[in-house]
Amino acid sequence: AFNSRCIHAVDNTLAMRFAAEHNLAVTVGSDSHFLPELGRAVIYLPDFSSGQELRAVIRQGQAQTRLSAWSVHLASRFAVTYKQLTGQHPQKTV
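Calculation notes
Residues numbered from 1 in each chain as written. Predicted model: local features only at pLDDT ≥ 70, side-chain atom pairs only at ≥ 80, totals over all residues. Heavy atoms only, no water. Phe/Tyr/Trp six-rings, centres within 6.5 Å; stacked < 30°, edge-to-face > 60°. Helix = DSSP H or I, 4+ residues; strand = E, 2+ residues; numbered from the N terminus. Buried < 20%, exposed > 50% of the residue type's maximum accessible area, 1.4 Å probe, protein only. Expected span 1.5 Å × (residues − 1). Arc of directions from axis to C-beta.

Visitor: Help me understand the packing of aromatic side chains, please; the structure alone is not making it clear to me.
Guide: Each aromatic ring pair is specified by the distance between its two centres and by the angle formed by the two planes. Per the stated rule, a full pass over the model turns up one aromatic pair. Taken together, a centroid distance of 5.7 Å and an interplanar angle of 40° make the contact between Phe78 and Tyr82 tilted. Of this pair, Phe78 and Tyr82 both sit in helix 3 (residues 71–86), separated by four residues, roughly a single helical turn. On the basis of relative accessible area, Phe78 is assigned to the exposed category, the value being 51%. Assessed through its relative accessible area of 23%, Tyr82 is described here as partly exposed.

Visitor: Hey, could you run me through helix 3 in this one?
Guide: Two residues of an α-helix separated by three or four positions point the same way, owing to the 3.6 residues in each turn. Spanning 16 residues, helix 3 covers 22 Å between terminal C-alpha atoms, matching the ideal 22 Å at 1.5 Å per step. Every buried residue of helix 3 is listed here: Val72, Ser76 and Ala79. Viewed end-on, helix 3 has its buried residues packed into an arc of 60°, placing them on one side of the element. The exposed residues of helix 3 that point more than 90 degrees off its buried face are Leu74, Arg77, Phe78, Gln84 and Leu85. A positive backbone phi angle near 80° is found at Gly87, which sits one or two residues after helix 3.

Have a look at this one:
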């Protein structure tokens, strides 16, 4: 229950609390929008080879997490605004 792009760290804390209270397995994610964000949240799992085995080992996962910098949200806002104004994605104009 961790998302690297959460602006407020408390949101991840609340997600973990909710999962614990409801006995839910959790995962983590980088929610990457830009290349530097990749891998900011990963979960290491024992080997598995099926969905059933994944369900069996998911609670054994070891998470490694880091919040993304606040600046990635500025970059996302810029990309959205640029696309609205030009009709193009910023990376496609280069």
